[in-house]
Amino acid sequence: MQFPGMVRVIAVQAREPELMKDVENQINDLLRQRHRIQPKQDNDFSVRNLTEIMATAEQSADVMSYLLGAIASISLIVGGIGIMNIMLVSVTERTREIGIRIAVGAKGRDILLQFLIDR
């Protein structure tokens, strides 16, 4: 609910980042006094420290980065295993051809190049 002349937001900046907690406590005390809130009553206002919100956002971004890195790593490993299996099947099926090429004088590099170019 909003009334005429009602203040919705007040932005405050501390001189030093180390003073933020003290400033926050002083603001809470002053607002409780001005709003005439008794010691056992809940506040009818909220004070937010943007440095804490920023730290939480950075922590969330870090977690997301680690999660993305883990998913990318798993994808690369699975892809590598798939390629390895395809190469293994290809070599197994063509064992006779490889033997003939080696008997004729082909080098290991030539055979490897053939398999890499084929697929």
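Residues numbered from 1 in each chain as written. Predicted model: local features only at pLDDT ≥ 70, side-chain atom pairs only at ≥ 80, totals over all residues. Heavy atoms only, no water.

I would appreciate a short explanation of the overall build of the protein chain in the present structure.
Summing up its helical and strand segments, the protein chain has four helices and zero strands in all. Ordered by position from the N terminus, the helices and strands of the protein chain form the series α-α-α-α. Relative to the compact-globule value of 14 Å for 119 residues, the protein chain shows a C-alpha radius of gyration of 34 Å, a clear excess of over 25%. Over its C-alpha atoms, taken along the principal directions, the protein chain stretches across nearly 100 × 35 × 30 Å. Burial statistics for the protein chain: of 119 residues in total, 11% are counted as buried. (Helix = DSSP H or I, 4+ residues; strand = E, 2+ residues; numbered from the N terminus. Rg over C-alpha atoms; globule rule 2.2 N^0.38 Å. Buried < 20%, exposed > 50% of the residue type's maximum accessible area, 1.4 Å probe, protein only.)

Help me understand unusual backbone geometry, please; the structure alone is not making it clear to me.
Excluding glycine, residues mostly have negative phi values, and the peptide bonds linking residues are mostly trans. Despite not being glycine, Arg36 has its phi angle at roughly 55 degrees, a positive value. Position of Arg36 relative to the elements: it lies in the loop between helix 1 (20–34) and helix 2 (50–93). Of the residues examined, Arg36 reaches a relative accessible area of 71% and is grouped as exposed.

Could you clarify how one ought to interpret the confidence of the model for the protein chain in this entry?
Reading fine detail from the predicted coordinates is not recommended where pLDDT is low. Confidence in the prediction for the protein chain averages 88 pLDDT; 98% of positions are at 70 or higher. When mean pLDDT is taken per element in the protein chain, helix 2 scores highest with 93 and helix 4 (residues 108–118) scores lowest with 84. (pLDDT = per-residue confidence, 0-100.)

Honestly, the pattern of salt bridges in this entry has me stumped. Any pointers?
Pairs may arise between side chains of opposite charge once their charged atoms sit close together. All chains considered together, the criterion is met by three salt bridges. With a closest N to O distance of 3.6 Å, Lys21 and Glu52 form a salt bridge. Linking Lys21 in helix 1 with Glu52 in helix 2, this pair joins segments that are 31 residues apart in sequence. Given the relative accessible area of 47%, Lys21 is considered partly exposed. Put simply, Glu97 and Arg94 hold a salt bridge, and the shortest N to O gap is 3.0 Å. Owing to a relative accessible area of 18%, Arg94 belongs among the buried residues under this scheme. The network of salt bridges with shared partners includes Lys21, Glu24 and Glu52. (Salt bridge = Lys/Arg side-chain N within 4 Å of Asp/Glu carboxyl O.)

Before we go on, may I ask you to explain the environment of Arg101 in this structure?
Along the chain, Arg101 falls in helix 3 (residues 95–104). The class of Arg101 is partly exposed, set by a relative accessible area of 28%. If we ignore the near neighbours within four places in the chain, the residues touching Arg101 are Ala106, Asp110 and Gln114. (Contact = heavy atoms within 4.5 Å.)

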